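Given next are the chains, with one letter for each unit.
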Amino acid sequence: MLAELQVQFATVPIVFAENRALAQEWTYRFLGAAADESRSREAADVRWSASSQPEPG
């Protein structure tokens, strides 16, 4: 089953934590980093689209 999941979702890391507390901490940090990356990309997309529009006048 783990091999099937790894193949189907190759970009999602499978992590075996020592205990539940470490698993929760790892998940919290992983999702936080993913959210920061998403916000950074959205901000870059907004800056990019704004710079590619012609200036009025």
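Placed above this text is the structure.
The following paragraphs examine the structure supplied in this document. (Residues numbered from 1 in each chain as written. Predicted model: local features only at pLDDT ≥ 70, side-chain atom pairs only at ≥ 80, totals over all residues. Heavy atoms only, no water.)

Considerations on the packing of aromatic side chains
Describing an aromatic ring pair means giving the distance of the ring centres and the angle of the ring planes. On inspection of all chains with the given rule, the structure shows one aromatic pair. The interplanar angle of 10 degrees and the centroid separation of 5.0 Å between the aromatic rings of Trp-26 and Phe-30 together place this pair among those described as stacked. Taken together, the residues span about one helical turn, with Trp-26 and Phe-30 both in helix α2 (residues 20-51) at a distance of four residues. A relative accessible area of 35% places Trp-26 in the partly exposed class. Among the residues examined, Phe-30 registers a relative accessible area of 37% and is labelled partly exposed. (Phe/Tyr/Trp six-rings, centres within 6.5 Å; stacked < 30°, edge-to-face > 60°. Helix = DSSP H or I, 4+ residues; strand = E, 2+ residues; numbered from the N terminus. Buried < 20%, exposed > 50% of the residue type's maximum accessible area, 1.4 Å probe, protein only.)

Regarding the pattern of salt bridges
One pass over the structure, following the stated rule, counts three salt bridges. The shortest N-O distance in the salt bridge between Arg-29 and Glu-25 comes to 2.6 Å. Within this pair, Arg-29 and its partner Glu-25 are both found in helix α2, separated by four residues, close to a single helical turn. For Glu-25, a relative accessible area of 35% gives the class partly exposed. (Salt bridge = Lys/Arg side-chain N within 4 Å of Asp/Glu carboxyl O.)

Digging into a nonpolar patch on the surface
On the surface, Met-1, Leu-2, Leu-5, Phe-9, Val-12, Ile-14 and Phe-16 cluster together into a nonpolar patch covering about 760 Å² of accessible area. In this fold, Val-12 is placed in the loop between α1 (2-8) and α2. A residue is classified by how much of its surface remains accessible, and Val-12, at 44% relative accessible area, is partly exposed. (Patch = residues over 30% accessible without salt bridge, like charges linked within 9 Å, V, L, I, M, F, W, Y side chains within 5 Å. Areas by Shrake-Rupley, 256 points an atom, 1.4 Å probe, with all protein chains shown as cover.)

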